[in-house]
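# Analysis of the macromolecular model
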Amino acid sequence: MMYIAADKERCVILGTYIVENRATVRQAAARYGISKSTVHKDVTETLRHVNRALFEEVAKVLEQNKNERHLRGGEATRRRHLAHGGRKDREDREEHGSA
């Protein structure tokens, strides 16, 4: 858990973590035990006023994450499909006569 009294200090820590690890908001939230909405607000609003240079670096990482989001989602679906051996797909095709 992350108990830092000052939002300003927390936003710098979160921003640094995101930039150094090319992390997502979800990963930063999990790492520090705080909500995704808190991380997002800290790095998109508070950080802008505290450390403009770090804010701009974080913005680049978040933009890259946003642009790659569909790829990560597709990868998760592929892994799920492989884990189940494609059984659900096969069952659906057989049920609908397209096997």
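The preceding data block contains the structure.
Below: a short report on this structure. (Residues numbered from 1 in each chain as written. Predicted model: local features only at pLDDT ≥ 70, side-chain atom pairs only at ≥ 80, totals over all residues. Heavy atoms only, no water.)

### Regarding the packing of aromatic side chains
If you walk through the whole model with that rule in mind, you get 1 aromatic pair. Between the aromatic rings of Tyr17 and Tyr32, the centroid separation amounts to 5.5 Å while the plane-to-plane angle is 85°, which identifies the pairing as edge-to-face. Highlighted residues: Tyr17 in helix α1 (residues 7–21) and Tyr32 in helix α2 (residues 25–32), separated in sequence by 15 residues. Summarising the burial analysis for this pair, Tyr17 and Tyr32 share the class buried. We note Arg31 situated over the ring of Tyr32; from NZ or CZ to the ring centre the distance is 4.9 Å. (Phe/Tyr/Trp six-rings, centres within 6.5 Å; stacked < 30°, edge-to-face > 60°. Helix = DSSP H or I, 4+ residues; strand = E, 2+ residues; numbered from the N terminus. Buried < 20%, exposed > 50% of the residue type's maximum accessible area, 1.4 Å probe, protein only. Lys NZ or Arg CZ within 6 Å of the ring centre and 35° of its normal.)

### Things to note about α2
Buried within α2 are the following residues: Val25, Ala28, Ala29 and Tyr32. Projected onto a plane normal to the axis of α2, the buried residues spread over an arc of 100° and lie on a single side. Away from its buried face, by an angle of more than 90 degrees, α2 presents the exposed residues Arg26 and Ala30. Residue Gly33 follows α2 closely and has a positive phi angle near 65°. (Arc of directions from axis to C-beta.)

From the geometry alone we can't say anything about function, so treat these as descriptive.
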